[in-house]
Amino acid sequence: DLSLSLVGGESMNLPGDLSNPMTLALFYRGHWWPYCRRLLAGYEARREAFAEQGVGLIAGSVDDKERTAEVAADLGFPIAFNMTKDDGDAIGSWWDEKRQIIQPSEFLLTKRGRVIISVYSNGPVGRMDPNETLTLVRYLNQQRARANAS
């Protein structure tokens, strides 16, 4: 299990607190990296479409609460702060010792926490693109609907 402190004072345990059929868990480098901010903005722009597909979103980084709140102000999904090397190790992330950050690690999870797809990066590129991820989710839901209809 991964216990996350969220901006706003709540906490979340993964996978125990997952309530959607699927959840995208997006762990990013930090507030200072524009590529991460653009990627999170892309997920925010598609948040309603993900919700229609039964997908919740959560993100997190090593940033402190104040810096994370700056990022969260533009987003409508929960953001975790003060993530640690232990958290990174728990999700299998690459840890940057020099900067003390989790390198990008992204997961599409079932409600029970099973990993459907994961993407790990040792740098800023090679990430789950929001549009491509939404396309994948739609495909998975279509396949599930077809299987249930037969």
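Residues numbered from 1 in each chain as written. Predicted model: local features only at pLDDT ≥ 70, side-chain atom pairs only at ≥ 80, totals over all residues. Heavy atoms only, no water.

### Some remarks on the pairing of strand β1 (residues 2-6)
Reasoning step 1: The side-chain alternation of β1 yields one buried face, formed by L2, L4 and L6, and one unburied face, formed by S3 and S5.
Reasoning step 2: When β1 meets strand β2 (residues 11-14), the two strands line up antiparallel, connected through 4 bridges. Paired with L2 across the strands is L14, a residue of β2.
Reasoning step 3: Hairpin connection, β1 to β2: the antiparallel pair is bridged by 4 residues, and G8 has positive phi, about 105°.
Reasoning step 4: Pairing of β1 with strand β5 (residues 79-81), which is carried by 2 bridges, proceeds in the antiparallel orientation. Of the residues in β5, the one forming a bridge with L6 is A80. (Buried < 20%, exposed > 50% of the residue type's maximum accessible area, 1.4 Å probe, protein only. Helix = DSSP H or I, 4+ residues; strand = E, 2+ residues; numbered from the N terminus. Pairing = 2+ DSSP bridges.)

### Side note on the nonpolar core
Within soluble globular proteins, side chains that are nonpolar tend to cluster in buried spots.
Reasoning step 1: Membership of the largest hydrophobic core comes to 23 residues, with the highest contact counts inside it found for L24, L40, Y43 and F77.
Reasoning step 2: The set of elements that each furnish at least two residues to this core consists of β3 (22-27), α1 (34-45), α2 (47-52), β4 (55-60), α3 (65-72) and α5 (130-149).
Reasoning step 3: Counting residues per element, this core draws most heavily on α1, which supplies 4 residues.
Reasoning step 4: When near neighbours in sequence (up to four residues on either side) are disregarded, L40 contacts L26, Y28, A59, V71, L75 and F77.
Reasoning step 5: L4, L6, A25 and I101 belong to the second largest nonpolar core, which has 18 residues in total. (Core = buried A, V, L, I, M, F, W, Y, C linked by side-chain atoms within 4.5 Å. Contact = heavy atoms within 4.5 Å.)

### A word on the sheet that holds β2
Within a sheet, neighbouring strands are paired by backbone hydrogen bonds and run either parallel or antiparallel to one another.
Reasoning step 1: Read from one edge to the other, the open sheet built from 7 strands follows the order β2-β1-β5-β4-β3-β8-β9, with strand pairing classed as mixed. Among the strands making up the open sheet, the edge pair consists of β2 and β9 (115-120). The sheet shows a mean angle of 25° between the axes of neighbouring strands, taken without regard to direction.
Reasoning step 2: The strands that α5 touches are β3, β4, β8 (105-110) and β9; relative to β3, the one it contacts most, it runs at about 160°. (Axes fitted to C-alpha atoms, helices over the stretch in contact; angles between N-to-C directions.)

### Considering unusual backbone geometry
Reasoning step 1: Note that the residue after L14, namely P15, is joined by a cis bond; omega there is 5°.
Reasoning step 2: Following the sequence through the fold, P15 ends up in the loop between β2 and β3.
Reasoning step 3: Phi is positive for N82, which is not a glycine, with a value near 55°.
Reasoning step 4: With respect to the helices and strands, the residue N82 is situated in the loop between β5 and α4 (85-91).
Reasoning step 5: For N82, a relative accessible area of 43% puts it in the partly exposed group.
Reasoning step 6: In the Ramachandran plot, Q100 falls in the positive-phi region, its phi being about 55° despite a non-glycine side chain.

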